[in-house]
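Residue-level listing of the chains:
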Amino acid sequence: MGKKPGFLNVSLNNILSDDQSVLDQARIRLLYYGLGIVFVALATLSSNLYFQHKPIHTAIIIILMVSCGASFKLLTYKPNWKFISHALLIQATLLNLGNIYITLQDVNIITVQIVILVIIFGFYMLGRTYGIIYSLINITAVLVFLAIQYNEAYHIAFQPEVVNQSTVIITIIANFVLLLYMHSHFYSAFYNNIKELNKTSKAQCELNAQLEIAIERAEKSSEVKSEFLSTMSHEIRTPLNAVIGMTNLLLMNSPRNDQKENLEILKYSGTNLLSIVNDVLDYDKIESGKLVFDQVKFNLVELIHSICGAQKLKAEEKGLLYKLDVDSALNNKIVSGDPTRLAQIIHNLVNNAIKFTQKGNIWIKVTCVEDKQDSLIVNFMVKDTGIGINKDNLDAIFEPFAQESISTTRQYGGTGLGLAIIKRLLELQGLKINVSSKVNEGSEFSFNMEMPVSMENAGNSEEDKQVQLQNNYNLSSLRVLIAEDNLVNVMLMKKLFSKWNMASTIAENGERAVELVQSSDFDIILMDLQMPVLNGFDAAVEIRKMHDPKKANIPIIALTASALFDIRERVFNSGMNDYVSKPFKPDELFAKINTLAASV
């Protein structure tokens, strides 16, 4: 139906539209042609009754003809088929009641035909509910009349008009034609509807097949992406491991002040590059929903000082006033949570504050909002006097790979992932970051975090712990097998172990590592995961299968530069005891070796 039909419209095409279902179009067609058939039948009956001099019947038929014409006009002007169907069924019901109880005072074949027409028309046009209602009214009227007539003869003051056989024949023929037309029409409609459903079903099956192919391709693409990230992670982290590791070794050799300054710059550059790589890999891990938060105990104050202390030099180099204010109520508190992710959030916020501030101040404030005895609600706030953010862009800055403008990216650099990672890390913990900012005045970022409190007291400093750790177990007698194929990493680790007075043996691949374990005795194994001939996972499985219980239970620490999300699970499933990510921190590796060696 291209446009609204006019009052003078008589065309069926003008009242049909593609928006209508197949059954609705069939109902409109039934009314359109059916009203025509009824009008012709009524015109024939009116002539027949007129010549028989039956004024009452003639008047009723003329009224029905007028009603039929009005219904047809209404249909072609405003095709409200439901309203018209109700009107026709009410008229048919009244006609039937009038015939039974007044004009004919009898139940004959014509009465039965009208009842059947009402039943079929009611169900086809208006559905089950109204079909039942109109059917019961008409059937009940017939049954009541028959019951009355059975007990005693039905009699009223009105004398019924008797019509001749020709009128009966015309009526019966017209009713049969209507019955045949309705059944035929709706059979065709139902058949076409089933055909359409079959076509739709086939199309749906084809779409499902295409969807399955698309899902399969997406899964393969995801696997390829994961493998690519793993490979790139390994390729980037491996040289970074050497750069940062060698820098740490040189710093351990008590360099001159001028050398130390250069080494600090080298270490900072390597760490900064590692931070960018981690941001990209972490964001992909976060978006995949495979990020798992650790629950470990740590000293919150020490962690904050460690994070912010490392950034102080950078702020002072830019001439910024750098102020860190930690609530004294948090002193000596050991809390549970994920210190790595918290450090990542704070580091990114502070790093952004320093990067986008040319002059003025940087404030970092950590406040105990509420002490619940068994938990703390802590507010973390980072404020600066930097370039600020336009109010309209406050939501956009949390989008991945986005900064406020292209000029901001060109002037200040960065990946645009820092705030996106912060927001997602907090959202995954059910937290929200708050931001307020004014252009050229500065920005303030803050969030609240609830942390369970441990009953332990944080008494010793980190240096004291490290000294205590090194004194806990004599590692100089340890025999270490290093399975590593990268020569630079091999050189780095040999130098590192020589600092710790540990004897180390090198295996250039997983197969060689298995052979050395079979032929020699070792106290601990450091296993790189990506090696030629036999990778670290398979090598660990082979070692765990050895018949000698002592060899089969040697502690194995995985060395991985991979970014695959399930790397931790795969490490433990292959029988290894722990893992260290490259580039690793010497004290972290030392602590894990010490723990595993002491447990044997």
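Structure first, text after, so check above.
Throughout this document, residue positions are counted from 1 along each chain, in the order its sequence is written. Under the rules for a predicted model, residues below a pLDDT of 70 receive no local features and side-chain atom pairs below 80 are neither given nor counted, while totals for whole chains, interfaces and linings still include all residues. Here the side-chain values reflect all heavy atoms present in the structure, with hydrogen atoms and water set aside.

Asks: I'd like to hear about the overall build of the chain, residue by residue, with values.
Replies: Going along the chain from the N terminus, every DSSP run of H or I of four or more residues is numbered as a helix, and every run of E of two or more is numbered as a strand. Each helix and strand counted, the chain has 17 helices and twelve strands in total. Only protein chains enter the accessibility calculation, which uses a 1.4 Å probe; a residue is then buried when its area is under 20% of its type maximum, exposed when over 50%, and partly exposed in between. Within the chain, buried positions represent 43% of all 600 residues. Here a residue-residue contact requires only that any non-hydrogen atoms of the pair lie within 4.5 Å. For the chain, long-range pairs separated by at least 24 residues make up 72% of all intrachain contacts whose partners lie at least 6 apart in sequence.

Asks: How would you explain the pattern of salt bridges if you had to name every residue and give the values?
Replies: Here, a salt bridge means any Lys or Arg side-chain nitrogen found within 4 Å of an Asp or Glu carboxyl oxygen. Tallying each qualifying case throughout the model produces twelve salt bridges. Between Asp-371 and Lys-333 there is a salt bridge; the shortest N-O distance is 3.8 Å. With Asp-371 in strand S4 (residues 361-371) and Lys-333 in strand S3 (residues 333-337), this residue pair connects regions lying 38 residues apart in the sequence. Residue Asp-371 is classed as partly exposed on the basis of its relative accessible area, which comes to 40%. Residues joined in a network through salt bridges with shared partners are Lys-423, Arg-424 and Glu-427.

Asks: Help me get a handle on the sheet that holds strand S12 (residues 578-581), residues and values and all.
Replies: Only strands joined by at least two bridges in the DSSP assignment are considered to pair. One open sheet accounts for five strands, arranged S9-S8-S10-S11-S12; its pairing is parallel. A strand with exactly one partner marks an edge of an open sheet, and here the two such strands are strand S9 (503-507) and S12. Pairwise comparison of adjacent strand axes, ignoring direction, gives a mean angle of 20° for this sheet. Sheet topology note: the strand S8 (residues 479-483)/S9 ladder contains five bridges and is parallel. Note on S9: the bridge partner recorded for Ile-482 is Ile-506. In the packing of helix H14 (residues 536-544) onto the sheet, contacts are made with strand S10 (524-528) and strand S11 (556-560), and the angle to S10 comes to roughly 150°. All axes here are fitted lines through C-alpha atoms, helices being fitted over the stretch that makes contact, and every angle between N-to-C directions spans 0 to 180 degrees.

Asks: Got a sec to walk through the packing of aromatic side chains? Specific residues and values, please.
Replies: The pairing test for Phe, Tyr and Trp rings, Trp by its six-membered ring, is centres within 6.5 Å, and the orientation test on the planes gives stacked under 30 degrees, edge-to-face over 60, and tilted for anything in between. Evaluated as defined, the whole model comprises twelve aromatic pairs. Relative to Trp-500, the ring of Phe-497 has its centre 5.8 Å away and its plane inclined at 75°; by these criteria the two rings are edge-to-face. The exposure class assigned to Phe-497 is buried, which follows from its relative accessible area of 0%. The class for Trp-500 is buried, based on a relative accessible area of 12%. Taken together, the ring pairs in this structure connect Tyr-32, Tyr-33 and Phe-72 into an aromatic cluster. Placement of a positive charge over a ring is assigned whenever Lys NZ or Arg CZ falls within 6 Å of the ring centre and within 35 degrees of the normal to the ring plane. Of note, Lys-383 hangs over the ring of Trp-363, and the distance from its end group to the ring centre comes to 5.5 Å. Over the ring of Phe-537 we find Arg-570, and its NZ or CZ is 4.2 Å from the ring centre.

Asks: Could you give me a rundown of the nonpolar core, with the residues and numbers involved?
Replies: Residues enter a nonpolar core if they are buried and are Ala, Val, Leu, Ile, Met, Phe, Trp, Tyr or Cys, with the set joined through side-chain atoms within 4.5 Å. Formed by 47 residues in total, the largest nonpolar core has its most connected members in Leu-300, Leu-330, Leu-342, Ile-346, Leu-349, Phe-380 and Phe-447. Elements represented by at least two residues in this core include exactly helix H7 (300-317), strand S2 (321-326), helix H8 (339-355), S4, strand S5 (375-384), helix H10 (418-428) and strand S7 (442-457). A per-element tally of this core places H8 first, with eight residues. Not counting residues within four places of it along the chain, the set of residues in contact with Ile-346 comprises Ile-304, Ile-307, Cys-308, Phe-380 and Phe-447. Judged by nonpolar contacts, the second largest core, of 37 residues, contains Leu-16, Cys-68, Leu-89 and Tyr-124.

Asks: Which residues make up unusual backbone geometry, and what are the values?
Replies: Positioned with a positive phi, His-53 is a non-glycine residue whose angle comes to about 60°. Look at His-53 and you get exposed, because its relative accessible area is 68%. Even without glycine at this site, Asn-440 takes up a positive phi of about 70°.

Asks: Let's hear about the environment of Ser-306: which residues, and what values?
Replies: Among the secondary structure elements, Ser-306 is positioned in helix H7. For Ser-306, a relative accessible area of 51% gives the class exposed.

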